[in-house]
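Structural overview
Next come the chains, spelled out residue by residue.
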Amino acid sequence: MLSASGALLGAIALSGAPARAEAAGAQTRTGSYQVITSDSEQFEDLQQGTNLRWKGQAQRIAFPRTSAEVAEELRTVLRLGLRPSARSGGHCYEGFVSNPAVKSIIDLSAMDQVRWDPEMNAFEIGAGAQLGLVYQLLYKQWGVYVPAGNCPTVAAGGHIAGGGYGSMNRRDGLVVDHLLAVEAVHVRQDGSVTVSRGTRNPQDRHHDLWWAYTGGGGGNFGIATRYWLRSPSAADTKPEKSLPSPPRHVWLSTVSWSWEAIDEASFTRLLNNHGQWHENHAAPGTPEANLFAQLKTWHRSNGFITMDTIVDAATPDAEGVLNRYLAAISAGIPPAKVTQRRLVPWMQATQWSGFTGPDSTRRFKGKSAYLRRTYTPEAIAAAYRGLNDPTITNPGALLMIASYGGAVNTVAPDATAVPQRDSIIKFQVVSIWDNPEDDQANVTWTRNTYRGMFASTGGVPPLNSTADGAFVNYADTDLDDSTWNTSGLTSFDLYYKGNLPRLKRARATYDPKGVFSHAQSIPLA
């Protein structure tokens with residue numbers, strides 16, 4: 001299943017000059033890095049990422065291992081006139097990388113280093129490093145972690161660029177709140193390819209590059225190749241003191257409600273209970289800020305609604321926090337069945353199937369929203385209709401609702417490129433299926449359910465006291481389609497809000513020729 005915290009994130013997508021044909025060839029090496037072309041056996045498979053709705057037609061796929069090799073490959077593909085795209089983990093919701101117009105993929109999966117950099121006094125993370133590997137190496141060697149997403153196969157490149165979040169967001173904030181520096185390969189106005197590094201220091205001449213990568217999304221400012229992570233509050237130069245320590249143990253809980261016992265009144269009460277708890281416990285630094293949950297209201301054909309919860313076991317009265325949360329969510333509705341409750345070490349919890357799962361060979365469509373307050377009656381009624389829609393019988397269609405806020409909301413809206421800094425819930429309407437012939441039914445269901453939840457605000461989450469736009473890493477091109485969005489707001493308004501002008505200036509600085517583009521790239525100023 002999907003992870004609510006950054007699984008299936010947007011990969012970095014780039015585009016350039018109109019493509020012209022390149023001679024097909026077999027697997028080769030350019031310098032020290034691998035390049036494959038259409039004669040190699042794996043070439044067809046590598047045209048696709050995780051979302052099998054999209055398939056590309058690239059002529060060249062390269063696997064550079066350093067920033068210098070990324071720059072070399074970019075010079076090559078531009079010289080060949082190929083439209084390039086970069087891929088880190090391949091978890092893109094839309095066809096930004098696996099796109100027939102893209103003729104060259106620069107795949108960063110070989111850049112998977114996780115190491116302590118004594119010169120930067122920070123942890124260096126390669127753009128191709130998968131989050132599961134990042135967690136293991138940081139914790140096993142230094143006892144630290146970074147509050148990134150839950151899906152272990154999502155890579156750092158697109159996840160960090162979009163301002164990724166995870167199950168510890170209420171405790172420790174977003175991953176970008178711990179970003180010290182970023183290195184990116186980009187193209188200057190004169191067409192030359194260069195490598196720049198921007199840091200958190202406002203006096204740094206490339207400070208805007210750093211800021212743009214704290215939530216500006218992929219495919220806008222070049223190709224991010226390396227990130228350095230160090231918490232702003234870290235005063236010690238020791239690696240063990242440079243990032244937060246994760247919980248040593250956590251309480252895991254799974255409960256479920258049978259759809260047979262849930263009518264519209266019970267469903268309404270469930271969502272009202274859930275939204276009200278998050279309103280009441282949005283503050284950072286409280287025991288409740290150490291709790292995160294995913295409420296998964298599956299389509300009725302699934303048979304169940306489920307909720308997975310994690311609590312830092314070091315929280316004062318941790319079991320009491322969990323008990324009170326479950327009681328508040330369940331108040332006034334048929335009792336839930338407890339299917340799992342156990343205390344586990346944090347390292348094992350990063351692989352917990354409640355939040356994670358192996359990448360499946362599946363197809364999906366998702367549409368996101370931030371909430372500042374509990375759900376509106378309009379949203380609840382539309383969600384109930386969608387989840388009981390008899391025109392589909394897909395047990396993989398759902399609302400995936402994640403806890404949010406706490407420490408996230410201690411950061412100013414313009415301190416990073418992520419502007420949604422007073423939200424309490426992040427959710428997506430999403431459908432997951434297997435067969436291509438089911439594409440239309442599932443995409444239509446997702447669109448109609450989402451539009452119904454925001455019918456009075458043009459079919460999208462408004463920028464008002466109740467909602468706060470959409471999440472860039474759950475890319476959704478419908479936001480720029482007047483069939484599905486009549487609000488007058490663009491995807492850029494919904495993703496970036498007041499940070500859009502500065503992001504436009506950053507794009508004009510680091511990609512003035514518009515070499516790197518996709519369907520939702522930030523417009524050039």
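On a predicted model such as this, the values are computed, not experimentally measured, just so you know. (Residues numbered from 1 in each chain as written. Predicted model: local features only at pLDDT ≥ 70, side-chain atom pairs only at ≥ 80, totals over all residues. Heavy atoms only, no water.)

Observations regarding the overall build of the protein chain
Short version of the rule: Helix and strand labels come from DSSP, where a helix needs a run of H or I of at least four residues and a strand needs a run of E of at least two; each type is numbered from the N terminus. Every radius of gyration here is taken over C-alpha atoms, with the globule rule written as 2.2 Å times N^0.38, N being the number of residues. The buried label goes to any residue with under 20% of its type's maximum accessible area, the exposed label to any with over 50%, and the partly exposed label to all in between, with areas taken from a 1.4 Å probe on protein chains only. In what follows, residue pairs with any heavy atoms lying within 4.5 Å of each other are defined as contacts. Accessibility throughout is a Shrake-Rupley quantity obtained with a 1.4 Å probe, and a residue counts as covered only by protein chains that appear here. Positive charge is attributed to Lys and Arg, negative charge to Asp and Glu, and no charge count is given to His or to the chain ends. By convention, charge coordinates are those of NZ in Lys, CZ in Arg, CG in Asp, or CD in Glu.
When you go through the protein chain residue by residue, the secondary structure sums to 12 helices and 17 strands. In terms of overall dimensions, the protein chain is globule-like: its C-alpha atoms have a radius of gyration of 22 Å, near the 24 Å expected for 525 residues. Burial analysis of the protein chain (525 residues in total) assigns 62% to the buried set. The contacts in the protein chain between residues at least 6 apart in sequence include a share of 74% that link residues at least 24 apart. Element-wise, carbon and sulfur atoms account for 50% of the exposed surface of the protein chain, whose accessible area totals about 18200 Å². When the 48 basic and 47 acidic side-chain charges of the protein chain are each reduced to a single mean position, those positions are 3 Å apart.

Details of the nonpolar core
Note the cut-off: Here, nonpolar core means buried Ala, Val, Leu, Ile, Met, Phe, Trp, Tyr and Cys residues that are tied together by side-chain atoms lying within 4.5 Å of each other.
Residues W257 and F267 are the most contacted members of the largest nonpolar core, which totals 123 residues. Within the second largest apolar cluster, 16 residues are counted, among which are A86, L108, V187 and V515.

Here we look at the sheet that holds strand β11 (residues 249-258)
What counts is decided by this rule: Two strands form a pair only when DSSP identifies at least two bridges running between them. Only the contacting stretch of a helix is used when fitting its axis, a line to C-alpha atoms as for every element, and angles between N-to-C directions run 0 to 180 degrees.
Spatial strand order, β14-β11-β13-β12-β16-β17-β15: seven strands in an open sheet with antiparallel pairing. This sheet does not close on itself; its edge strands, each paired only once, are β14 (337-345) and β15 (363-371). Mean inter-strand twist for the sheet, computed between neighbouring axes without regard to direction, equals 15 degrees. The sheet contact formed by β11 and strand β13 (residues 304-312) spans nine bridges and is antiparallel. Counterpart to T254 in the pairing with β13 is D308.

Observations regarding helix α12 (residues 500-510)
A turn of α-helix holds 3.6 residues, and therefore any two residues three or four places apart point the same way. Short version of the rule: The directions considered for the arc run from the helix axis to the C-beta atoms.
Regarding α12, the residues found buried are L500, L503, A506, R507 and Y510. Seen along its axis, α12 keeps its buried residues to an arc of 115 degrees; they face one direction. Close packing links the buried residues of α12 with β8 (179-187), α5 (207-212) and α11 (491-496).

Side note on the sheet that holds strand β6 (residues 114-117)
In spatial order, the strands read β6-β7-β10-β8-β9; together these five strands make up an open sheet with antiparallel pairing. The sheet is open, and its two edges are formed by β6 and β9 (193-199), each paired on a single side. This sheet shows a mean twist of 25 degrees between the axes of neighbouring strands, independent of strand direction. Here strand β7 (residues 122-126) pairs with strand β10 (residues 223-229) via four bridges, running antiparallel. Within β10, the position partnered with F123 by the bridge is L229. The strands touched by helix α1 (residues 67-80) are β8, β9 and β10; relative to β8, the strand with the most contacts, the crossing angle is about 25 degrees.

Quick notes on the environment of N442
Within the secondary structure, N442 sits in helix α10 (residues 439-453). Look at N442 and you get buried, because its relative accessible area is 5%. Those residues in contact with N442 that lie beyond four places of it in its chain are N394, S431 and W433.

Points about the packing of aromatic side chains
The condition that has to hold: When the centres of two rings from Phe, Tyr and Trp lie within 6.5 Å, Trp using its six-membered ring, the rings pair. Their planes under 30 degrees apart give stacked, over 60 give edge-to-face, and anything left gives tilted. For a Lys NZ or an Arg CZ to count as sitting over a ring, it must be within 6 Å of the ring centre and within 35 degrees of the ring normal.
The final tally for this structure, using the stated rule, is 23 aromatic pairs. Summarising the aromatic geometry, the rings of W352 and F355 are spaced 4.9 Å apart at their centres and angled 70 degrees between planes, so their arrangement reads as edge-to-face. In this pair, the class of W352 matches that of F355, namely buried. In this structure an aromatic cluster arises from ring pairing among Y93, Y165, F364, Y370, Y404, F471 and Y474. The residue whose ring lies beneath K426 is F471, and the NZ or CZ to ring-centre distance is 3.4 Å. We note R502 situated over the ring of W211; from NZ or CZ to the ring centre the distance is 4.1 Å.

Section: the UniProt feature "domain: FAD-binding PCMH-type" (unreviewed entry) in the protein chain
Applied cut-off: UniProt positions are given in the numbering used here, feature names are shortened, and annotations may be inferred rather than shown by experiment.
Taking the numbering used here, the UniProt-annotated feature "domain: FAD-binding PCMH-type" (unreviewed entry) corresponds to residues 54-234. Between the first and last C-alpha atoms of residues 54-234 the distance is 42 Å; the span itself is 23% helix and 24% strand.

Focus on helix α2 (residues 131-142)
How we decide: A helix is expected to reach a length of 1.5 Å times the quantity of its residues less one.
Across its 12 residues, α2 extends 16 Å between first and last C-alpha, which sits within 8% of the 16 Å expected from 1.5 Å per residue. The complete set of buried residues in α2 reads L131, G132, V134, Y135, L138 and W142. Seen end-on, α2 carries its buried residues on one side only, within an arc spanning 165 degrees. Contacts made by the buried residues of α2 are with β6, β7, α3 (156-161) and α8 (346-349).

Details of the state of the cysteines
The condition is simple: Any two cysteine sulfur atoms within 2.5 Å of one another count as a disulfide.
Counting across every chain of the model gives zero disulfides. Left without a disulfide partner, C92 is nearest to the cysteine sulfur of C151, which lies 14 Å away. Assessed through its relative accessible area of 4%, C151 is described here as buried.

Points about the pattern of salt bridges
The following threshold applies: Salt bridge, as used here, is a side-chain nitrogen of Lys or Arg placed within 4 Å of a carboxyl oxygen of Asp or Glu.
Counted according to the given criterion, the structure contains 28 salt bridges. Here D117 and R115 are joined by a salt bridge, their closest N and O atoms 3.9 Å apart. Under the relative-accessibility criterion, R115 is labelled partly exposed at 34%. E183 is the partner of R226 in a salt bridge, and the nearest nitrogen-oxygen pair spans 2.9 Å. Separated by 43 residues along the polypeptide, R226 in strand β10 and E183 in strand β8 bring together distant segments of the chain.

Re the environment of P100
Among the secondary structure elements, P100 is positioned in the loop between β4 (84-87) and β5 (104-107). The exposure class of P100 is partly exposed, given its relative accessible area of 39%. Distance in space between the C-alpha atoms of P100 and K55 is 7.2 Å, their sequence separation being 45 residues. Those residues in contact with P100 that lie beyond four places of it in its chain are K55, G56 and Q57.

Description of the pairing of β6
Of the pairings in the sheet, the one linking β6 to β7 comprises four bridges and is antiparallel in character. Paired with W116 across the strands is F123, a residue of β7. In this antiparallel pair of consecutive strands, β6 and β7, the connection spans four residues, and N121 shows a positive phi of 50 degrees.

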